Amino acid sequence: MRTTVGVIGGGPAGLLLARLLHRAGIDCVVLESRTREYVEQRQRAGMLEQGTVDALREAGAADRLDAEGLVHHGIELRFAGERHRIDFPSLTGGRSVTIYAQTEIVKDLIALQLDQGPPLLFGAEALAVEKPDSERPVVRFRHEGRERTLTCDWVVGCDGSHGVARDAFPTATSRTYAHDYPYSWLGILADVPPSCEELVYARGERGFALHSMRSPAVSRLYLQVPNGTDPGDWPDERIWDELAARFAIDADWTLARGPITATSVTPMRSHVHEPMRHGRLLLAGDAAHIVPPTGAKGLNLAVSDVRVLARALTELHRTGSAQLLDRYSELCLARVWQATRFSYDMTRMLHAQPNGDVFDDRMQLARLRRITASRHAAAELAANYSGLPLTL
């Protein structure tokens, strides 16, 4: 097979890139190792920055998003028996965020891809990226029981932290920066209307809790738990009791309970790979960086990568200029590190530290009180949470 851009990975980053390239008249092929059913059911993020919503509209993939997405104008912080709302529009010049599940984004993009092109191959397992520093890199992959090759002008690795694209970077010129957090999230999906209109971040002695949602009828909630936690040790009643205790604030608010349909445990970690380009191989999304979900940056960072990359490849295609493409890694990493810093700060501020002491506790409270008492500090949080403008 032969194409201009070979995309490894059929998650939101790879699918959105393919869609943007297709609309720019650039041919590409997407290789996804899993089945369509698996990809469309994979539970991930659900909070979209304004820039992510704009990118999906630009790609012609926002019809359901605009009809079903839940626009949120702020978040609530709970700590020390208090509740404080951070109003995004008044602090950011009008920006807001939208709740729309990543699974739905993937369904929308797959439907467009299969209907209008370019090619999307499910069950196509990428085995290696060969000759990435040549003018014709090759992706070797297995599909329908036989090994095949895809020769490209450019290869984009959107295949996550365990994919093959990053392995093709020379170790001598690559650096990895990582941090593991001493706790995980126990996450649930529940068939019950949300108990709040906006996300609630609760910090307390029992640990962190987050109340989110996927739709007006489906709630998404999280509990801080020790690393290595077995979801089987948390029956439904225990989960609801612990959530209710961590969200408890006053008599006028109660946590609605309902059937739990999915439970999982997610370790918390930060991971950044530098650079994001080697020759004609480029990384995007989780293949290049991972952040803890506290700041809701993972999906949005991936979309930011794709927006820069699509614009750079389009500029090369239309004008022959590689100026923006040559700056791809530099531009993306500047944003990645700011999002990594924000996610780290939010995580450290809101989670009970397993080996912390009274000093750590007071420092967390001091940070929270600074945010809730200072418009400047609140504006900094709101700007980062709702998404910093993309500048090229």
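Below: a short report on this structure.

Rules of the game
Residues numbered from 1 in each chain as written. Predicted model: local features only at pLDDT ≥ 70, side-chain atom pairs only at ≥ 80, totals over all residues. Heavy atoms only, no water. Helix = DSSP H or I, 4+ residues; strand = E, 2+ residues; numbered from the N terminus. Rg over C-alpha atoms; globule rule 2.2 N^0.38 Å. Buried < 20%, exposed > 50% of the residue type's maximum accessible area, 1.4 Å probe, protein only. Pairing = 2+ DSSP bridges. Axes fitted to C-alpha atoms, helices over the stretch in contact; angles between N-to-C directions. Polar contact = N/O pair within 3.5 Å; in protein donor to acceptor, adjacent residues only side chain to side chain. Disulfide = S-S within 2.5 Å. Parallel < 35°, antiparallel > 145°, perpendicular 65-115°, else oblique. Contact = heavy atoms within 4.5 Å. Nonpolar A, V, L, I, M, F, W, Y, C, P; charged D, E, K, R; others polar.

### Section: the overall build of the protein chain
- In terms of regular secondary structure, the protein chain is built from 12 helices and 20 strands.
- Over its C-alpha atoms the protein chain spans a radius of gyration of 21 Å, differing by no more than 12% from the 21 Å that the globule rule assigns to 392 residues.
- Principal axes of the C-alpha set define a box for the protein chain whose edges measure 65 × 40 × 40 Å.
- Evaluated residue by residue, the protein chain yields a buried proportion of 55% over its 392 residues.

### A closer look at unusual backbone geometry
- E274 connects to P275 through a cis peptide bond whose omega is -5°.
- If you trace the backbone, P275 turns up in the loop between β17 (260-274) and β18 (277-278).
- One non-glycine residue with positive phi stands out, namely K131, at about 55°.
- Looking at the element boundaries, K131 is found in the loop between β9 (124-130) and β10 (138-143).

### Quick word on the sheet that holds strand β11 (residues 146-151)
- Pairing is antiparallel across the open sheet formed by 3 strands, whose spatial order is β9-β10-β11. Among the strands making up the open sheet, the edge pair consists of β9 and β11. On average, adjacent strands in this sheet sit at an angle of 25° to one another, irrespective of strand direction.
- Pairing analysis gives 6 bridges linking β9 to β10, with the strands arranged antiparallel. In the sheet register, V129 faces β10, and the bridge partner there is V139.

### A short note on the side chain of S184
- Positionally, S184 belongs in strand β13 (residues 175-190).
- A polar side-chain atom of S184 sits 2.6 Å from a polar atom in the side chain of N227.

### Considering the state of the cysteines
- Counting across every chain of the model gives 0 disulfides.
- This cysteine, C28, is not joined by any disulfide, and C152 carries the nearest cysteine sulfur, 9.8 Å off.

### Details of the packing of helix α11 (residues 358-373) against helix α12 (residues 375-386)
- Two elements in contact, α11 and α12, have axes separated by 5 Å at closest approach and are oriented at 100°. Between α11 and α12, the crossing angle belongs to the class labelled roughly perpendicular. Within the contact between the two elements, α11 uses R370, I371 and A373 and α12 uses R375, H376, A377, A378 and L381.
- Class assignment for the residues of the contact of α11 with α12 results in 5 nonpolar, 1 polar and 2 charged.

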